[in-house]
Amino acid sequence: MPLRNKKIILGISGGIAAYKAAELTRLLVKAGADVRVVMTAAAEAFITPMTLQALSGHEVRGALFDPAHEAAMGHIELARWADLIVIAPASANTLARLAQGLADDLLSTLCLANPNPVMAAPAMNQQMWTHPATQRNMSLLTQRGVQLIGPASGEQACGDTGPGRMEEPATILAAVTAHFGEQQLAGRKLLLTLGPTREPLDPVRFLSNRSSGKMGMALARAAVNAGADVTIVAGPTALPEPQGVKRINVETAAQMHHHVMQEAAGKDIFIATAAVSDYRAADISAQKIKKSAEQIELTLVKNPDILADVSASFPQLFCVGFAAETQDLEKHARDKLTNKRLDMIAANPVNDGLGFDRDDNSLEVFWPGGQQSLPVSSKQQLAAALIELLANHYNKDHKRHASD
Ligand SMILES: Cc1cc2nc3c(=O)[nH]c(=O)nc-3n(C[C@H](O)[C@H](O)[C@H](O)COP(=O)(O)O)c2cc1C
């Protein structure tokens with residue numbers, strides 16, 4: 001129960017993503033938080049207070065001028081009660097009002113009257129998000145210490161594609177948990193590979209695999225939340241990186257190998273989540289291969305083993321591998337752990353529909369002399385659990401591994 005005894009005001013403003021606030025309420029309560037929901041008038045056009053009352057176990061508040069509530073827990077008392085105010089979704093309008101320091105409804109008044117931090121998960125149409133007025137408001141708010149969660153990029157309810165989607169409830173929960181948690185990797189430098197690689201056959205074709213990079217990006221976010229300074233070497237994926245992460249984009253295994261070997265010096269932890277092609281074409285055709293013969297032969301040559309090379313060349317690094325397996329999970333994972341001299345390996349079954357390009361997964365984590373199962377959950381929750389496990393082991397052993 002990472003949020004046990006934490007008092008949180010969940011502010012919901014008027015955006016289409018308000019329906020996701022129901023799931024967020026459930027997750028916060030499940031994590032042990034005492035949640036009081038405060039809705040703007042516009043939010044009530046999108047989701048009913050009744051739903052949030054049922055999920056939070058407390059009456060939902062909306063009006064500022066409410067004699068009954070003022071007699072019980074007045075607005076200043078409510079503001080003082082909260083350890084944290086989380087606004088999700090945060091509409092363009094609510095963010096603008098906060099930036100100006102307005103106090104013309106209950107939520108904005110609470111934000112002014114609460115001495116503790118405010119976190120906001122913006123959610124709006126991409127044009128509204130990129131508008132200079134919104135951007136100026138955001139920079140005012142972040143300068144003032146408001147912590148932003150997202151927004152994510154992608155397809156929007158209005159049909160547009162771009163930045164402005166509210167982060168998923170699991171991601172918001174992870175950020176809230178990290179806010180209260182001890183930053184177990186504070187000051188540590190972490191290098192992570194993610195996504196697939198592409199091995200060209202000719203100018204238009206390549207060999208690749210089903211990796212989406214979602215697990216790697218979730219781990220990068222969890223590592224940032226744990227206080228790490230994160231660099232990612234990413235194979236082709238359209239996923240945006242979390243704020244504050246240094247990103248190097250690559251296509252082939254050879255390029256990934258090159259950049260990882262360059263970046264590994266001075267790092268403390270290396271996590272290899274990328275699904276690197278084991279083989280590449282011996283010859284890349286300069287011209288598009290034409291359809292003529294009934295059968296053609298493709299000669300493949302072995303790619304460098306990034307994880308093995310990193311662990312051999314940088315013995316100070318705490319190395320974590322990933323193994324996607326369709327059978328004999330434990331045996332293959334333990335062999336890889338020993339052969340590549342890793343500190344930890346996370347194995348995931350990629351049959352039964354689990355694994356690639358999904359938002360949930362399960363992991364079986366092995367280290368020399370131990371193992372732990374992380375059951376099926378969202379990749380963001382799984383990533384937070386894996387980073388916590390990794391940090392526990394790393395910190396126990398940090399004298400051997402720490403670079404400082
Ligand atoms: C169908 C519909 C969807 C909307 N979705 C959003 C949204 O996702 N984000 C946003 O900032 N505003 C959105 N708006 C506009 C806000 O609801 C409006 O600016 C409102 O004044 C916000 O009030 P509040 O910030 O007090 O909650 C939407 C409006 C409508 C009619």
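All values reported here derive from a predicted model rather than from experimental measurement.

Engineer: Any chance you could break down the site of the ligand for me, citing the residues and the numbers?
Structural biologist: As a matter of local geometry, the ligand sits amid 15 residues, with S13, G14, G15, A42 and S91 nearest to it. Sorting elements by how many residues they give to the shell around the ligand places helix α5 (residues 92–100) first, with three residues.

Engineer: Provide a residue-level description of the domain arrangement of the protein, including the pertinent values.
Structural biologist: Parsing the protein into structural domains produces domain 1 (7–180) and domain 2 (189–401). Centre-to-centre, using C-alpha coordinates, domain 1 lies 35 Å away from domain 2. With nine residues of domain 1 at the contact, the number on the domain 2 side is nine residues. Elements with a contribution of two residues or more to the side of domain 1 that touches domain 2: β6 (152–155) and α9 (169–180). Looking at the side of domain 1 that touches domain 2, the element that brings in the most residues is α9, giving six residues.

Engineer: Pulling in residues and values, what's your account of the sheet that holds strand β5 (residues 147–148)?
Structural biologist: Sheet architecture is open: five strands sit in the order β2-β1-β3-β4-β5, paired in parallel fashion. In this open sheet, the two strands that pair with only one neighbour each are β2 (34–39) and β5. For strand β1 (residues 7–12) and β2, the ladder comprises six bridges, and the chain directions are parallel. By the bridge assignment for β2, K7 is matched with D34. Lying over the sheet, helix α1 (residues 20–30) contacts β1, β2 and β3 (84–90), oriented at roughly 175 degrees with respect to β1.

Conventions and cut-offs
- Residue positions are given per chain, counted from 1 along the sequence in the order it is written.
- Local features in this predicted model are restricted to residues of pLDDT 70 or higher, and side-chain atom pairs are both shown and tallied only at a pLDDT of 80 or more, whereas totals for entire chains, interfaces and linings draw on every residue.
- To decide nearness, the C-beta atom of each residue is placed from the backbone, and the residue is near a molecule or strand if that atom lies within 6 Å of it.
- A helix here means a DSSP run of H or I that spans at least four residues, while a strand means a run of E at least two residues long, and both kinds are numbered starting from the N terminus.
- Where a domain begins and ends is set by an automatic assignment or by a domain database.
- The contact rule is simple: place each C-beta atom from the backbone, and if two of them lie within 7 Å, those residues are in contact.
- Strand pairing is assigned whenever DSSP detects at least two bridges linking the two strands.
- In this analysis, axes come from line fits to C-alpha atoms, helices being fitted only over the stretch in contact, and the angle between any two N-to-C directions falls in the range 0 to 180 degrees.

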